[in-house]
Amino acid sequence: MRTKVAIIGAGPGGLLLGQLLHSYGIDNVILERQTPEYVLGRIRAGLLEEGTVALLDQVGVGARAHREGLVHHGVELAFGGARHRIDLHAATGKTVMIYGQTEVTLDLMNARKAAGLTTVYEAAGVKPLDFDTDHPRVSYAKDSVTQEIACDFIAGCDGFHGVSRASVKPSAIKTFERIYPFGWLGILSETPPVSHELIYSNHARGFALCTMRSPTRSRYYVQCSLDDHIDQWPDERFWDELKRRLDQKAVDELVTGPSIEKSIAPLGSFVAEPMRFGRMFLAGDASHRVPPTGAKGLNLAASDVHYLSQALREYYDEKSAAGIDGYSARALTRVWKAVRFSWWMTSMLHKFPDQGEFDARIQVAELDYLVSSKAASTSLSENYVGLPF
Ligand code: RFL
Ligand code: PHB
């Protein structure tokens, strides 16, 4: 098989890149290790920036997001027993949209199928090869038969644990990492959300987040220990703990019910530089990861593949390598700002194991400043709705 761009990974990043390239007339093949059902079963991101929604529109898959997505003009911060609203729209003229990653992925998968583009699911042992030459290849096995794709470029969109970044020789890559000493325990329940906007809560017992997927489906998270296992968190315990971390009004209004999904995610910040190695590019979680506190991971994958698709369009249409040469620096500039924002939100909202009373007071002072200063709340809003790209 031969294609212009071999994309590794059919998560939201890889699928969006495939549709963007297709819209520019650049043929591509996607290789995915898992089944489509497995990819669709991963409950992850919920919040999309306007720029991400615009990219879905650009590739013609935004209609259902506009119909079913929930547009939010503000967000709430809870601390010291009270809630404070930040008006994102008043500060920036922009909104955010609640539309699950599973829905984004499904819409992109359907569009790819309708366009007749090739996706190889359950591709085993995928290996990017010879990307430091002019003739890169990707090998893989399908139904135990080894296959190879010859291509012009490889796009590593295979997430944090993917093979693409791991295939780069260590001396060519520099990594930056911060591991946080806690995780998030998340549940999904068929219950109406406690509030129509998101609530991020700083509490002496730990962080909590109230979010949603639809008017009848809620998503809640509580900060938990890295040693915790979901078996230790029956639904009753989860709801009790969540209530302890919310204000009285939220407790009174919270509707509980059986969980339909429950999982624990560790939190970390990670960046690998650069994002280009000869004829292989990294995009999305394959090259960086942020803690979910800023809701930036999927949105960064979207801006990366936007930059990359533009660079490749320039290469094929205008015979110019300027875009691909500039891709890494251009993407990393935006990545680091989102890494900073996500680290800052995480630091301000969570209880750290070594945190003393001084640190707790500093967190509350910062939150208080945020909700009482126009400059500070505008700064949060600008980052939360997404910096321009
Ligand atoms: P993905 O989604 O991990 O997809 C990578 C794909 O590559 C496949 N793969 C391979 N394929 C072939 N060969 C191999 N060797 C392969 N290795 C891996 C995988 O099977 C997979 O299908 O990466 P991508 O596309 O870069 O997308 C990144 C996002 O998934 C991620 O950043 C977000 O989920 C992060 N995130 C959030 N982001 C937001 O923008 N807004 C949010 O509200 C938000 N909330 C969250 C989140 C992540 C969370 N967790 C669980 C980490 C909430 C949570 C709890
Ligand atoms: C979610 O809806 O799952 C979600 C929303 C905002 C975040 C993280 C997760 O910051």
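Just above sits the structure.
So, here's what we can say about the structure. (Residues numbered from 1 in each chain as written. Chains lettered and ligands numbered in written order. Predicted model: local features only at pLDDT ≥ 70, side-chain atom pairs only at ≥ 80, totals over all residues. Heavy atoms only, no water.)

**Examining the state of the cysteines**
Counted only if it meets this: Two cysteine sulfur atoms make up a disulfide if the distance between them is within 2.5 Å.
All chains considered together, the criterion is met by zero disulfides. Here C224 is not disulfide-linked; the sulfur of C210 is the nearest cysteine sulfur, at 16 Å.

**As for helix α6 (residues 101-114)**
Convention followed: The secondary structure listing takes helices from DSSP runs of H or I that are at least 4 residues long and strands from runs of E that are at least 2 residues long, numbered from the N terminus. To estimate the expected span of a helix, subtract one from its residue number and multiply by 1.5 Å. Here's how the labels work: a residue is buried when its accessible area is under 20% of the maximum for its type, exposed when over 50%, partly exposed in between, all with a 1.4 Å probe on protein chains only.
Here α6 spans 20 Å end to end across 14 residues, near enough to the 20 Å set by a 1.5 Å rise per residue. Burial in α6 covers these residues: Q101, T102, V104, T105, D107, L108, M109, A111 and R112.

**A short note on the pairing of strand β11 (residues 145-156)**
Put simply, the rule is: For two strands to pair, DSSP has to find at least two bridges joining them.
Examined bridge by bridge, strand β1 (residues 2-8) and β11 share six bridges and lie parallel to one another. When the sheet's bridge partners are listed, I8 is paired in β11 with G156. Of the pairings in the sheet, the one linking strand β10 (residues 137-142) to β11 comprises six bridges and is antiparallel in character. When the bridges of β11 are listed, K142 appears paired with V145. Hairpin connection between β10 and β11: a loop of two residues separates the two successive antiparallel strands, and D143 in this loop has a positive phi of roughly 50°.

**Structural notes on the environment of K142**
Note the following rule: Residue contacts are counted whenever heavy atoms from the two residues lie within 4.5 Å of one another. The term polar contact refers here to a pair of N or O atoms within 3.5 Å; inside protein, the definition further demands a hydrogen-donor-capable atom paired with an acceptor-capable atom, and it admits residues adjacent in sequence only when both atoms are side-chain atoms.
The topology assignment puts K142 in strand β10. Between the alpha carbons of K142 and Y121 there is a distance of 8.5 Å; along the sequence they are 21 residues apart. Not counting residues up to four positions away in its chain, the partners in contact with K142 are V120, Y121, E122 and Q147. In terms of polar contacts, K142 uses its side chain to reach the backbone carbonyl oxygen of Y121, at 2.7 Å.

**Focus: the site of ligand 1**
This is how it is decided: We call a residue near a molecule or strand whenever a single non-hydrogen atom of that residue lies within 4 Å of it. Under the convention used here, a 1.4 Å probe and the Shrake-Rupley method define accessible areas, while residue burial counts only the protein chains that appear.
Around ligand 1, 33 residues are found, and the nearest of them are E32, R42, Q101, D285 and L298. G13 places a main-chain nitrogen or oxygen 2.9 Å from an oxygen atom of ligand 1. Interatomic distance of 2.8 Å between a side-chain N/O atom of R42 and an oxygen atom of ligand 1. Computed on the free molecule, ligand 1 has an accessible area of 1,000 Å², of which 90% lies beneath the protein chains in the complex.

**Overview of the site of ligand 2**
Selection criterion: The classification used treats Ala, Val, Leu, Ile, Met, Phe, Trp, Tyr, Cys and Pro as nonpolar, Asp, Glu, Lys and Arg as charged, and all other residues, Gly among them, as polar. All domain edges in this entry derive from an automatic or database-based domain assignment.
Around ligand 2, the neighbouring residues are R44, G46, W184, L198, Y200, L209, T211, R213, Y221, P292, T293 and A295. Here an oxygen atom of ligand 2 sits 2.7 Å away from a polar atom, N or O, in the side chain of Y200. A distance of 3.5 Å separates an oxygen atom of ligand 2 from a polar atom in the backbone of T293. Compared with its free state, where it exposes 280 Å², ligand 2 has 97% of that area covered by protein. With three residues, the single largest contributor to the shell around ligand 2 is strand β14 (residues 208-214). Its residues placed into classes, the shell around ligand 2 shows seven nonpolar, three polar and two charged. Residue contributions to the shell around ligand 2 reach at least three from each of two domains, namely domain 1 (5-71 + 96-177 + 268-346) and domain 2 (180-267 + 352-385).

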